[in-house]
Every structure is written in C-alpha cells, then in structure tokens.
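Chain by chain, the residues:
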Amino acid sequence: MKVAVLVGSLRRESFSRKTAKTLAALAPASLTLEIVEIGDLPIYNQDGDDDGKPPAAWTTFRQRIRGYEGVIFVTPEYNRSVPAVLKNAIDVGSRPYGQSVWAGKPGAVVSVSPGVIGGFGANHHLRQSLVFLDVPAMQQPEAYIGGATNLFDAEGRLSSERTREFLSRFMEAFAVWLGTNTGVIK
Ligand SMILES: Cc1cc2nc3c(=O)[nH]c(=O)nc-3n(C[C@H](O)[C@H](O)[C@H](O)COP(=O)(O)O)c2cc1C
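Given the structure is predicted, the values throughout are model-derived calculations rather than measurements.

### What to know about the sheet that holds strand β4 (residues 107-112)
Next, step 1: The strand order β2-β1-β3-β4-β5 describes an open sheet built from five strands, whose pairing is parallel. With one partner strand each, in any of the chains shown, β2 (32-35) and β5 (143-145) form the two edges of the open sheet. Neighbour-to-neighbour, the strand axes of the sheet open up by a mean angle of 20°, direction not taken into account.
Next, step 2: The strands that helix α5 (residues 120-132) touches are β3 (70-75), β4 and β5; relative to β4, the one it contacts most, it runs at about 155°.

What follows is the structure in structure tokens.
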C-alpha cells in the first residue's frame, strides 16, 4: 500500500524530513512511503475554487493525494502548533467543500523537536484538524520525537538505536492500522 508522507518543514537540514526518510526506510515491505512536497502550494484562497480556477499546484496535489491509501504527517512544532506550510497543505486538500482528499484516509502523526516535549502541542493541534477531516489517526504508539539535535549523524542518518527501534515499531503498528482501516486486514 502506498502512503503519502507530508513533512511540515522546508528547512534544508530539517529533523522532521530526516525522520520522515527514516520512517520510509524502516517501513515494512507491505508499505511504500513517498514524501509529497508541499512547499510550492500557493496559500489557500477559496476564491480559486469558487471561481473554478484553482492553481494547477492545488489540483496536482489533490490528485496525487487521492492515489495514496494512507498519510503520515511528520511535523515540527511552531509556537505550539503546526507550521503554516503544513496547515496550508491540509487546507488545500480539504476543499472544495465535500471533495476533501482526506476523508476516510487512515493517518498517523509524528512530531519532532529539539525540545524535550517532542512537539506534543503540534501533534495534538494537528489531531484536532484530523478529527474534523475524518482521518482515522492512529492512537498508539504516540510519536513525540524529542531531543532531535542528538538523533542524527552528520550525513543525516539516524544514530539512535532506541529511536530506530521505536520508529520500526511505529511503522509496524501503522501497517496494521492501515490494513485494518482500509479493510485489507479483516
Ligand atoms: C517560528 C518557530 C516557532 C517554533 N516554535 C517551537 C515550539 O513551539 N516548540 C518547539 O519545540 N520548538 C519550536 N521551534 C523550534 C523548532 O522545533 C526547531 O527549529 C526545529 O528544528 C524545526 O523542525 P525541523 O528541524 O524539522 O525544521 C520553533 C521554530 C520556529 C522557526
């Protein structure tokens, strides 16, 4: 099954992106994870949809997301919430009203931060939107990746065995979550 990964940071050396790449590498063979870029999506303005002239990047993004069975959000915390770039992508995918690409698509949230709280605020703020968007978001294990500054080597590879074990377990649980929620696993 194909899983879209949305990364809530555009930073070159983003810990969130490094975490997303690690998740892709650790995913069970039944899953293919692909990062869907969101940095070039124009800021959502409902006029684009109301006028029947949405920017091409919105349309391409919506079509692309429809092609995935599931979605994993890997995000930093900005001011105890998610960065605007991620919220924008979520908003773009959610419209026009009644045509949301998120509805019913099983998901999961991973928050990443150099701080000790591991982006808890962003993680749960995002879950609030996912409730409304009808994304069944995996409950356990929760993923608050703290102390991110100490987790990766100079090449951006995960150097913490403990975190690797945790992220492997996370991906195994997500494969079951996805399979169950899509009816692949009875
Ligand atoms: C605008 C802004 C707000 C931030 N707010 C928080 C915050 O609320 N909590 C937190 O743990 N870190 C916060 N940070 C620090 C980020 O966690 C840190 O920059 C992190 O490396 C960003 O994720 P990335 O490495 O994936 O780019 C903030 C950073 C920026 C630029």
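Having seen the structure, we can now continue with the description.
### Comments concerning the site of the ligand
Next, step 1: The environment of the ligand is made up of Ser 9, Arg 11, Ser 14, Phe 15, Ser 16, Pro 76, Glu 77, Tyr 78, Asn 79, Arg 80, Ser 113 and Pro 114.
Next, step 2: In the model, an oxygen atom of the ligand is placed 2.7 Å from a nitrogen or oxygen of the Ser 14 side chain.
Next, step 3: Take Ser 16: an N or O atom from its side chain is 2.6 Å from an oxygen atom of the ligand.
Next, step 4: Protein contact buries 70% of the 620 Å² of open area that the ligand shows by itself.
Next, step 5: Tallied by class, the residues present in the shell around the ligand amount to four nonpolar, five polar and three charged.

### Some details on the pairing of β3
Next, step 1: Burial analysis of β3 places six of its six residues in the buried class, the great majority of the element.
Next, step 2: Where burial is concerned, the two faces of β3 agree: the one with Gly 70, Ile 72 and Val 74 and the one with Val 71, Phe 73 and Thr 75 are both buried.
Next, step 3: Bridging between strand β1 (residues 2-7) and β3 involves five bridges; their strand directions are parallel. Each residue of the ladder has a partner; that of Leu 6, found in β3, is Phe 73.

### Observations regarding the packing of aromatic side chains
Next, step 1: If you walk through the whole model with that rule in mind, you get six aromatic pairs.
Next, step 2: An aromatic cluster of at least three residues, connected via ring pairs, comprises Phe 61, Phe 73 and Trp 102.
Next, step 3: Lying across the ring of Tyr 68, Lys 2 places its NZ or CZ 4.8 Å from the centre.
Next, step 4: The lysine or arginine in question, Arg 11, covers the ring of Phe 15, its NZ or CZ lying 5.2 Å from the ring centre.

### Looking at helix α6 (residues 161-182)
Next, step 1: The end-to-end C-alpha separation of α6 is 31 Å, in line with the 32 Å expected for 22 residues at 1.5 Å each.
Next, step 2: Here α6 has its buried residues at Thr 163, Phe 166, Leu 167, Ser 168, Phe 170, Met 171, Phe 174, Ala 175, Leu 178 and Gly 179.
Next, step 3: Contacts made by the buried residues of α6 are with β1, α1 (15-26), β2, β3, β4 and β5.
Next, step 4: A positive backbone phi angle near 85° is found at Gly 183, which sits one or two residues after α6.

### So, the pattern of salt bridges
Next, step 1: Following the criterion strictly, the structure yields nine salt bridges and no others.
Next, step 2: The partner of Asp 49 in a salt bridge is Arg 62, with the nearest N and O atoms 3.0 Å apart. Note that Asp 49 is positioned in helix α2 (residues 46-50) and Arg 62 in helix α3 (residues 56-66), a separation of 13 residues in sequence. Each of the two residues, Asp 49 as well as Arg 62, counts as buried.
Next, step 3: It is possible to trace a salt-bridge network through shared partners that takes in Asp 153, Glu 155 and Arg 157.

### Quick word on the environment of Gly 107
Next, step 1: The topology assignment puts Gly 107 in strand β4.
Next, step 2: The buried category is assigned to Gly 107, whose relative accessible area is 0%.
Next, step 3: Separated by 20 residues in sequence, Gly 107 and Arg 127 have C-alpha atoms that sit 9.9 Å apart.

### Looking at unusual backbone geometry
Next, step 1: Residue Pro 96 is reached from Arg 95 by a cis peptide bond, and omega for that bond is 0°.
Next, step 2: Tracing the backbone shows Pro 96 in the loop between α4 (84-94) and β4.
Next, step 3: The peptide bond linking Gln 140 to Pro 141 adopts the cis configuration, its omega dihedral lying at -5°.
Next, step 4: Here Pro 141 shows up in the loop between α5 and β5.

Cut-offs used in this document
- Residues numbered from 1 in each chain as written.
- Predicted model: local features only at pLDDT ≥ 70, side-chain atom pairs only at ≥ 80, totals over all residues.
- Heavy atoms only, no water.
- Pairing = 2+ DSSP bridges.
- Helix = DSSP H or I, 4+ residues; strand = E, 2+ residues; numbered from the N terminus.
- Axes fitted to C-alpha atoms, helices over the stretch in contact; angles between N-to-C directions.
- Contact = heavy atoms within 4.5 Å.
- Near = heavy atom within 4 Å.
- Polar contact = N/O pair within 3.5 Å; in protein donor to acceptor, adjacent residues only side chain to side chain.
- Areas by Shrake-Rupley, 256 points an atom, 1.4 Å probe, with all protein chains shown as cover.
- Nonpolar A, V, L, I, M, F, W, Y, C, P; charged D, E, K, R; others polar.
- Buried < 20%, exposed > 50% of the residue type's maximum accessible area, 1.4 Å probe, protein only.
- Phe/Tyr/Trp six-rings, centres within 6.5 Å; stacked < 30°, edge-to-face > 60°.
- Lys NZ or Arg CZ within 6 Å of the ring centre and 35° of its normal.
- Expected span 1.5 Å × (residues − 1).
- Salt bridge = Lys/Arg side-chain N within 4 Å of Asp/Glu carboxyl O.

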